[in-house]
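Fold and contact review
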Amino acid sequence: MANIAGLLQAQLATPDRILYRQHLEGSWRDISARDIAAYAARWQAYLRAEGFALGERIALCLRNGIHWVAADQAALGMGMVIVPLYVDDNPENVAWCLENSGARLLVVESGRMAGELAKLATAPRILCLATETGSGHATVDAVLPKQAPAFSVADLGAGTLATVCYTSGTAGRPKGVMLSHGNILANVAASERTRLARSDDRFLSFLPLSHMLERTGGYYLPLSIGAQVAFARSVSQLAEDLASQQPTVVYAVPRVFERFAARVNETLAASPAKKRLFERVVAAGGRAARGEAGLADRIVLALLRRRVAQPVLARLGGRLRFAVLGGAPLDASIAWLFIGLGLPLLQGYGMTEASPVISVNRLEGNVPESVGIALDNVEVRLGPQGELLARGPSVMLGYWNDPEATAKALDPEGWLHTGDLAEIRSGRIFIRGRLKDVLVLSNGEKLPPQDVELAILGDLAFEQGMLIGEGRPFLTLVAVTRETDEKGLIRRANERLKGFPRYIRVRRVIATREPWTVENGLLTATLKVRRERVLKTFGAEIERAYSAGPLD
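Residues numbered from 1 in each chain as written. Predicted model: local features only at pLDDT ≥ 70, side-chain atom pairs only at ≥ 80, totals over all residues. Heavy atoms only, no water.

With that settled, consider unusual backbone geometry. Omega for the peptide link from Ser 355 to Pro 356 comes to 0 degrees, which places this bond in the cis form. Take Pro 356: it is sitting in the loop between β14 (345–350) and β15 (357–360). You will see that Gln 246, though not glycine, has its phi angle at about 45 degrees, which is positive. Considering the arrangement of structural elements, one finds Gln 246 in the loop between α9 (238–245) and β12 (249–252). Its identity is not glycine, yet Ser 426 carries a phi of approximately 50 degrees, on the positive side. For Ser 426, the location among the structural elements is in the loop between β20 (416–425) and β21 (428–434). (Helix = DSSP H or I, 4+ residues; strand = E, 2+ residues; numbered from the N terminus.)

In structure tokens form, the structure reads like this:
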């Protein structure tokens with residue numbers, strides 16, 4: 001049998017095992033396998049009563065928690081298809097995904113989003129978690145029966161569609177990635193075989209479950225091994241939840257640790273002596289991780305690492321064994337800082353179209369400059385232009401109602417064209433940027449902008465940024481910053497680019513104070529920059545900068 005809901009059914013062999021922790025009605029509560037299965041069974045009774053059939057789509061626009069898990073397990077157990085949507089996405093985008101998928105039911109947090117979506121010409125039935133919605137929509141508690149038959153799991157084939165997961169493309173409308181039960185279970189099994197996660201781990205879930213990294217790595221994987229998941233309350237309360245829940249594993253985007261490192265460095269700047277001591281410990285720890293530590297390094301680590309690292313790691317809960325980072329490039333210097341303190345940051349790589357994990361570093365032989373080695377059931381190779389190709393049982397069925405896009409992404413031999421430029425050395429994958437985003441200057445010089453942008457954003461003066469230069473004589477940086485001195489910003493940006501070829505230098509900076517957000521359309525729901533939207537928004541300023549010529 002290939003049914004993702006079988007993961008929960010297997011946990012009922014030990015029904016009292018605590019699978020989840022969530023802050024409910026003012027306090028943290030434990031939820032056992034028996035509890036979550038009973039809740040999912042109530043959902044199944046409701047779906048049966050309403051006549052939902054195999055293959056029908058059910059959309060979830062919920063925050064991470066037991067409501068998401070129960071609805072997901074119930075629907076998957078009955079062979080229905082989950083359409084996960086981002087809670088913080090704009091109503092227009094959510095509406096497009098609903099209409100495109102043909103979802104019959106939508107479950108939302110509250111009446112605000114429900115009210116916007118009810119205006120759709122083909123609006124699905126909407127259920128709200130909130131008791132008082134003010135929108136006239138039914139609430140989950142009102143429609144679910146109090147008692148229900150036992151949780152059930154249908155016998156499905158591996159190719160049965162499990163989810164239509166919309167990618168938050170940086171250009172144009174999102175595409176609905178079709179993943180089968182077999183796709184996702186193959187990715188979970190291969191991730192389990194890396195032996196990174198253990199049954200006694202506690203995960204802290206804060207990336208949205210609508211993102212396949214969190215869904216596979218932070219939900220299905222721990223469920224498959226019986227590990228515990230604590231649901232963070234919000235990003236603003238993340239520091240408190242790390243301290244109180246003391247996770248051993250987290251999945252995160254690099255920006256979380258970049259901001260944490262920035263705060264540490266700001267604190268150390270006030271004490272040069274402490275800063276030197278900190279840097280000495282980090283350097284010794286890095287050499288130890290690479291197997292290069294000498295006697296002096298071992299003495300430093302034995303005498304000083306705990307004293308230096310403990311206050312920093314305590315702010316992350318004090319029990320983290322490792323963190324897996326994905327979704328964006330990781331600055332290797334950030335990784336080595338935490339590795340030097342004794343906390344491995346493991347950069348991985350994946351795509352929604354691959355369920356999503358393609359590769360990840362391991363605790364042994366971690367090379368943070370790379371995205372690790374491929375999972376044991378994933379083949380990788382390079383295409384003619386240096387594009388990374390991947391093939392295996394976790395690669396998608398295709399795009400929902402879009403055979404043309406499917407044909408572009410999947411070739412006849414089953415290779416997924418990732419669109420990323422890469423190198424493969426000794427089995428390790430090094431990502432070098434997006435194939436379609438490569439900038440070609442008017443003099444013919446080429447560069448993938450992401451590595452350059454990542455280097456510049458290492459300076460705290462730049463909160464967000466994007467390089468411009470396609471068909472132009474020089475590079476311009478559009479940046480969110482509170483600084484106003486353009487010459488000073490150009491100098492600071494180029495200080496970060498000393499290791500790059502000489503032609504990669506910023507010659508103009510277009511500064512803005514307004515952050516790029518999902519709400520103003522400049523970021524995707526997964527916080528990637530919508531490059532075409534930035535070009536359009538700042539089009540007039542860009543043209544003026546190039547008309548005026550380089551400033552440096």
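There is more to say, and it comes next.
Attention now moves to the nonpolar core. Tyr 20, Trp 43, Phe 257 and Phe 338 are the most contacted members of the largest nonpolar core, which has 126 residues in total. A total of nine residues in this core trace back to one element, the largest contributor, which is helix α2 (residues 33–49). Sequence-distant contacts of Phe 257, defined by excluding residues within four places in its chain, comprise Val 250, Ala 252, Leu 316, Ala 323, Leu 325, Ile 334, Phe 338, Leu 343 and Leu 345. (Core = buried A, V, L, I, M, F, W, Y, C linked by side-chain atoms within 4.5 Å. Buried < 20%, exposed > 50% of the residue type's maximum accessible area, 1.4 Å probe, protein only. Contact = heavy atoms within 4.5 Å.)

To continue, consider the sheet that holds strand β25 (residues 475–480). Here we have three strands laid out as an open sheet, ordered β24-β25-β26, and mixed in their pairing. The open sheet has two edge strands with one neighbour each: β24 (464–468) and β26 (506–512). Adjacent strand axes in the sheet meet at a mean angle of 20 degrees, parallel and antiparallel pairs treated alike. Judged from the six bridges that link them, β25 and β26 form a sheet pairing that is parallel. (Pairing = 2+ DSSP bridges. Axes fitted to C-alpha atoms, helices over the stretch in contact; angles between N-to-C directions.)

With that settled, consider empty space enclosed by the protein. Evaluation of the coordinates by the stated rule reveals one cavity of 30 Å³ or more. Counted as a void, the largest cavity has a volume near 80 Å³. Lining the largest cavity are eleven residues; nearest its centre among them are Tyr 86, Asp 89, Asn 93, Cys 97 and Tyr 166. Examining the composition of the lining of the largest cavity, we find that three residues originate from one element, helix α4 (residues 91–101), more than from any other. Its residues assigned to classes, the lining of the largest cavity comprises seven nonpolar, three polar and one charged. (1 Å grid on protein atoms, 1.4 Å probe; cavity = no way out; pocket = protein on both sides within 12 Å on 5 of 7 lines; lining within 4 Å. Points joined across faces, edges and corners; volume = space filled by probe spheres on them. Nonpolar A, V, L, I, M, F, W, Y, C, P; charged D, E, K, R; others polar.)

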